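# Reading the structure
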Amino acid sequence: MNFVQWLNSLDEFLYELMSWLVFFPVTMVRILRHPLQTMDYAEAQLALPQDDQYRAAVSPPVFLILTLMVCQAIELTVFGVNPVVASRHGLAALVNDNTTLLLLRLMLFGMFPLVLATRMVRKSALDLDRETLKAPFYAQCYAVAPFALMLSLGASMTHLPVAAAAAIGLGIVAAAFLFYGLLQVRWFALKLDQSLPAAMLTASIGLIESIVFTVIIAALFAF
């Protein structure tokens, strides 16, 4: 790569990086206001040529990563050093800086899109492979991002030395689970053409599986 090509690559990278400052909040607002439509958008964009995908939003995996970076920034503001980073017990010894902590957080919250997308494909008439899994996984990356942000914000507020902060924080955590749970019920009902009770059962099993896997992974790094 010559110097001119390197400058062109740097130019594209800088524009992409700075454009996130605009399209990250735009994407977050779209998910909060119209979650199902935004999840449909995530899937539909994959049918377009790669250069035309997600022109008006941040792509779902990148959006999830950026959201988790915001979550980590909030946590660092409140706690300073995360307890997992400070710990040297078990697998937690592998998480020794903010970069590895972000990777751990991505693995934990990435488990939700993976499990729920896999469950959707298995409940449909499609064969489970890399292609059939990709679209629902991308849709679920959009869905889990505000859940992760609300969860992190609520949990951090419970540790603030303010009288009402704990109650507000727990309220935000409860709202996060309610938002995410109801969204999953509606999504499964729409995608699998199920009744609401059947979709609630399907979503509940998927959420329980996701939480179990996440707790197991988190426990390995806690001890």
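Everything numeric here is computed off the predicted structure, so don't read it as measured data.

## Considerations on the layout of surface pockets
Empty space within the second largest pocket amounts to approximately 570 Å³. Lining the second largest pocket are 18 residues, with Glu-16, Gln-50, Gln-53, Tyr-54 and Ala-57 sitting closest to its centre. Of all the secondary structure elements, the ones that give two or more residues to the lining of the second largest pocket are α1 (3-33) and α6 (130-157). The dominant element in the lining of the second largest pocket, judged by the number of residues it contributes, is α1, at five residues. Each residue belonging to the lining of the second largest pocket can be placed in one class, and the counts come to ten nonpolar, four polar and four charged.

## Topic: the pattern of salt bridges
One pass over the full model with this rule turns up four salt bridges. Lys-191 is paired through a salt bridge with Glu-43; the nearest N and O atoms lie 3.3 Å apart. Of the two residues, Lys-191 sits in helix α7 (residues 165-192) while Glu-43 sits in helix α2 (residues 35-45), which places them 148 residues apart along the sequence. Lys-191 gets classed as partly exposed once you look at its relative accessible area, which sits at 31%. Among the residues examined, Glu-43 registers a relative accessible area of 17% and is labelled buried. Through salt bridges with shared partners, one network takes in Asp-40, Glu-43 and Lys-191.

## A closer look at α2
Where burial is concerned, most of α2 is hidden: eight out of the eleven residues are buried. Here α2 has its buried residues at Pro-35, Leu-36, Thr-38, Met-39, Tyr-41, Ala-42, Glu-43 and Gln-45.

## What to know about α7
An α-helical turn contains 3.6 residues, so a residue and the one three or four places further along point in the same direction. For α7, spanning 28 residues, the distance from its first C-alpha to its last is 40 Å, which sits close to the expected 40 Å at 1.5 Å a residue. Positive backbone phi, approximately 55 degrees, marks Asp-193, located one or two places after α7.

## Things to note about the packing of α2 against α7
Packing of α2 against α7 leaves a shortest axis separation of 10 Å and a crossing angle of 55 degrees. By the criterion of interaxial angle, the relationship of α2 to α7 is oblique. Crossing geometry of α2 relative to α7 is assigned as right-handed. Across the interface between the two elements, Pro-35, Leu-36, Met-39, Asp-40 and Glu-43 from α2 touch Phe-179, Leu-183, Arg-186, Trp-187, Leu-190 and Lys-191 from α7. Grouping the amino acids of the contact of α2 with α7 by side-chain chemistry returns seven nonpolar, no polar and four charged.

## A few points about the nonpolar core
Counting residues in each nonpolar core, the largest one holds 46 residues, and the members touching the most others are Phe-63, Tyr-142, Phe-147, Tyr-180 and Phe-188. For this core, the secondary-structure elements that each account for two or more residues are α1, α2, α3 (60-79), α5 (98-123), α6, α7 and α8 (196-222). Here this core gets eleven residues from one element, more than from any other, and that element is α6. Those residues in contact with Tyr-142 that sit more than four places away from it in its chain are Thr-27, Ile-31, Thr-38, Tyr-41, Ala-42, Tyr-54, Ala-57, Val-58, Ser-59, Pro-60 and Phe-63.

Rules used throughout
- The written sequence of each chain sets the order in which its residues are numbered from 1.
- Only residues with pLDDT of at least 70 are given local features in this predicted model, and only at 80 or more are side-chain atom pairs given and counted; all residues enter the totals for whole chains, interfaces and linings.
- With hydrogens and water set aside, each side-chain value is computed from the structure's full complement of heavy atoms.
- Using protein atoms alone on a 1 Å grid, points that fit a 1.4 Å probe yet trap it form a cavity, whereas open point sets bounded by protein on both sides within 12 Å along at least five of seven lines form a pocket; residues with an atom within 4 Å of a point count as lining.
- Grid points are joined across faces, edges and corners, and a volume is the space filled by probe spheres set on the points.
- Strands here mean DSSP runs of E at least two residues long; helices mean DSSP runs of H or I at least four residues long; both are numbered from the N terminus.
- When residue character is reported, Ala, Val, Leu, Ile, Met, Phe, Trp, Tyr, Cys and Pro are called nonpolar, Asp, Glu, Lys and Arg charged, and the others, Gly included, polar.
- Within this document, salt bridges are pairs made up of a side-chain nitrogen of Lys or Arg and a carboxyl oxygen of Asp or Glu, the two lying within 4 Å of each other.
- The rule is simple: take the accessible area with a 1.4 Å probe, protein chains only, and divide by the maximum for that residue type; under 20% is buried, over 50% is exposed, in between is partly exposed.
- By this rule, a helix spans an expected 1.5 Å times one less than how many residues it contains.
- Lines fitted to C-alpha atoms define the axes, with helix axes restricted to the stretch in contact, and inter-axis angles between N-to-C directions lie between 0 and 180 degrees.
- Oblique is the label for any angle not under 35 degrees, not over 145, and not in the 65 to 115 range, which are roughly parallel, roughly antiparallel and roughly perpendicular in turn.
- Two helices that cross are described as forming a left-handed crossing if the nearer one is turned anticlockwise from the farther one by less than a right angle, and a right-handed crossing if clockwise.
- It only takes one pair of heavy atoms within 4.5 Å for two residues to be counted as in contact.
- We call a set of buried residues a nonpolar core when its members are Ala, Val, Leu, Ile, Met, Phe, Trp, Tyr or Cys and they connect through side-chain atoms within 4.5 Å of each other.

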